[in-house]
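# Structural overview
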Amino acid sequence: MLQPLLDPTAIDDVRRWLDTSHVVTPVSLTVVERSGCAGAWELREHYTHLGDVRPRILLPTGFPFTPLRIELDPALCLKLPHIEANGNFCHGVLPEPSHLDDPRAAAGLVLNVFFDYVERSGDAKWVEEEFQRDAHDYWLRHAAPSRMPKKHQTEELLLDADPSVEHLHRAKALHLASRTRAIVSTREGGPKMLAEAVGWSLGTILNGSALIAPLPLHRRWTPNDWPRSFEALAALVDEIAGIAGATADWYQTRNRATDAPLFIVLQQASVAYGWRILPLVARASTRATIVPIRVTRIDRRWVLARDHEQEQLNVLTRKRVVVFGCGSLGAPTIELLARAGVGTIEVVDPELMQPENVSRHPLGIGSAGFYKAEQICNRLTNAIPGVKVTPRTYGAQQWLAESHPVPHLLFDCTGERSVRMATTHARNTTYKNAPMMMLWMEPFGAAAHVVAIAGSDSWPASDPAETAVNIALWPDDVERRHPGCGQGFHPFGMADAWEAASLAARRALALLRGEDASSDVVSLVRPRAFFERSSATVKFHRDVPFPAGLYAVVQRRPYAEALLDH
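Below is a short write-up of the structure. Given the structure is predicted, the values throughout are model-derived calculations rather than measurements.

Conventions used here
Residues numbered from 1 in each chain as written. Predicted model: local features only at pLDDT ≥ 70, side-chain atom pairs only at ≥ 80, totals over all residues. Heavy atoms only, no water. Phe/Tyr/Trp six-rings, centres within 6.5 Å; stacked < 30°, edge-to-face > 60°. Buried < 20%, exposed > 50% of the residue type's maximum accessible area, 1.4 Å probe, protein only. Lys NZ or Arg CZ within 6 Å of the ring centre and 35° of its normal. Helix = DSSP H or I, 4+ residues; strand = E, 2+ residues; numbered from the N terminus. Contact = heavy atoms within 4.5 Å. Polar contact = N/O pair within 3.5 Å; in protein donor to acceptor, adjacent residues only side chain to side chain. Salt bridge = Lys/Arg side-chain N within 4 Å of Asp/Glu carboxyl O. 1 Å grid on protein atoms, 1.4 Å probe; cavity = no way out; pocket = protein on both sides within 12 Å on 5 of 7 lines; lining within 4 Å. Points joined across faces, edges and corners; volume = space filled by probe spheres on them. Nonpolar A, V, L, I, M, F, W, Y, C, P; charged D, E, K, R; others polar. Expected span 1.5 Å × (residues − 1). Pairing = 2+ DSSP bridges.

## Looking at the packing of aromatic side chains
Within this structure, the stated rule accounts for 18 aromatic pairs. Relative to Y138, the ring of F131 has its centre 4.9 Å away and its plane inclined at 80°; by these criteria the two rings are edge-to-face. Overall, the relative accessible area of 2% leaves F131 in the buried class. Assessed through its relative accessible area of 2%, Y138 is described here as buried. For R528, the ring lying beneath its charged end belongs to F540, and the centroid distance is 3.8 Å.

## Let's talk about the environment of R54
Looking at where R54 falls in the secondary structure, it is placed in the loop between β2 (37–43) and β3 (56–60). What makes R54 partly exposed here is its relative accessible area of 31%. Put simply, R54 and E42 are twelve residues apart on the chain and 6.4 Å apart in space, counted from C-alpha to C-alpha. Aside from chain neighbours lying at most four places away, what touches R54 is E42, L43, R44, E45, H46 and E71. Reaching out from R54, the side chain makes a polar contact with the backbone oxygen of R44 at a distance of 2.7 Å.

## Some details on the pattern of salt bridges
Scanning the model with the defined rule gives 34 salt bridges in all. Linking E156 and R181 is a salt bridge whose minimum nitrogen-to-oxygen distance equals 3.2 Å. Of this pair, E156 sits in strand β5 (residues 156–160) while R181 sits in strand β7 (residues 181–185); the two residues are 25 residues apart in sequence, bridging distant segments of the chain. Taking relative accessible area as the criterion, E156 reaches 11% and is therefore assigned buried. According to the relative accessible area criterion, R181 is partly exposed, its value standing at 28%. With a closest N to O distance of 2.7 Å, R187 and D160 form a salt bridge. Here R187 is found in the loop between β7 and α6 (190–198), whereas its partner D160 is found in strand β5, with 27 residues between them in sequence. Linked by salt bridges that have partners in common, R297, D299, R301 and D307 make up one network.

## Points about empty space enclosed by the protein
Taken as a whole, this structure holds one cavity of 30 Å³ or more when the rule is applied. Size it by volume and the largest cavity reaches roughly 40 Å³. Lining the largest cavity are F63, P64, P67, L68, V93, L94, P95, H99, A106 and V110. For the lining of the largest cavity, the class distribution of residues is nine nonpolar, one polar and no charged.

## Here's the deal with helix α12 (residues 372–383)
Relative to the 16 Å expected for twelve residues at 1.5 Å per residue, α12 spans 16 Å between its end C-alpha atoms, a close match to the ideal helical length. Those residues of α12 that sit buried are K372, A373, Q375, I376, C377 and L380. Contacts from the buried residues of α12 go to α11 (330–340), β13 (344–348) and β14 (388–392).

## Considerations on the side chain of D463
The topology assignment puts D463 in the loop between β17 (447–453) and α15 (465–469). Note on D463: relative accessible area 2%, which makes it buried. In terms of polar contacts, D463 uses its side chain to reach the side chain of R420, at 2.8 Å. Discounting residues that sit within four places of it in the chain, D463 has contacts with R417, R420 and M421.

## Topic: the layout of surface pockets
When its volume is computed, the second largest pocket comes out at roughly 650 Å³. Lining the second largest pocket are 27 residues, and of these D160, R187, R300, P385 and G386 lie nearest its centre. Within the residue set of the lining of the second largest pocket, elements represented by two or more residues are α6, α9 (300–305), α10 (310–317) and β14. Tallied by class, the residues present in the lining of the second largest pocket amount to eleven nonpolar, eight polar and eight charged.

## Quick look at the pairing of strand β10 (residues 271–279)
Buried residues dominate β10, accounting for eight of its nine residues. Judged from the six bridges that link them, strand β9 (residues 262–268) and β10 form a sheet pairing that is antiparallel. Within β10, the position partnered with Q268 by the bridge is V271. Relative to strand β11 (residues 288–297), β10 runs antiparallel, the two being bridged by six bridges. Bridge pairing links P279 to A288 in β11.

That's the geometry; what it means functionally is another story.
So, in structure tokens, the structure goes:
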């Protein structure tokens, strides 16, 4: 059965070119290859260091949008670089617009890269350098095909440990319920507390242990360097630690079950290499079987910053923010702050999640009938390692009346005058000069406003949000009314809410990191025509300069200027 071709003209052109080449000879496609290839060829010349299987050139049905493929003997994987477990040669050539005009040149580019590789791969020094260049990727290929006895099967180790620790140390280990994944954690409470916080099922708990050592950056790590036995691995760990017998002492610890999950992990910069240790029946023996496994870092430093800008993450981790309101504005703001690295967040909101909130709230229908604060805190605890989020299922006024440590930021996302007034009063008395922010939106998402107040500045008791900050005075009929006493909402969508939350989160992060501790008013404003389309009777307090062709502008005003005459 003929396979559909994405560009038959280009494929026919390259097929004719290869059929007449003196370098390759046409061969039949295998059953597997027929589903995605339009032709196959073998190299005529034999290269001893490439093994007995001649390299094959495959013309994909998606060519030239999918480059030419070259297949080698799968046994060469980890013997030579750039060869995957299935024998595919990673040539690194990507489709370019010019390939559409000259498909032969596109195919020739791949072949030129391959022939250059054939020449270089005969040099043992070059081979080692290439393996070292992408050491972790090759390790993952080494770990991928590992097969353990069913009783001990572990495919992935989730590692929650500080990579900056420069000495040999131990950590607790546990299997997840699936038994194919395990957790190692050095944090307080260990892997059990971590799994419970995230919501991972543990099943029958069997306590294990991990031995973690730093692998020096200058240490070469190629297939020729990988330990192939427990004795070789123990010798490497002892050498790194500078402690003779350290690995044997750890392994022979007797206060755990024979089938307890045991691991050795080497951390090198941002990556880690791991082995599952399978004990012999005789526990007194220092001998064991080792099986390489994939290690996935889940520590806060990697998950939130990928090891970059660590000092900024450390600063944010030490910050405590109190957020009033967990609605369509507050909830995304809280999530953005948590994912940016803010370490402690108190979420104050007395409301239950309702089905009609789903259209513009991060929580879904499954949270209906539960407190928004509790649900958003559960969501973030499950999603973000190390974040401390505490729900308070009562109003902002009650929280302000209680005795709490002064936070690094009081953040009002309710948009309610009563909360602004109460927060201002508390800041002027109990929480003297604690930074304060306020976020709200005008109807239809026509404008969003972020007010930041720091130092000795204060929000006026007259609460001039309407006249000093808002762009327009909106008629009462823009509020959509629900049946019942005083129930209603202003129309805007989730995209509007997240846009406003992003604006607020960026301003909050600048304040928390100490990059900008000034007081100001930042507004995201739509064009005047947007306001007028939304309501024919809207009245404007002020005009915002608006260059033609823009969908929205962000205006930042100094606090004193914004509140002039207020």
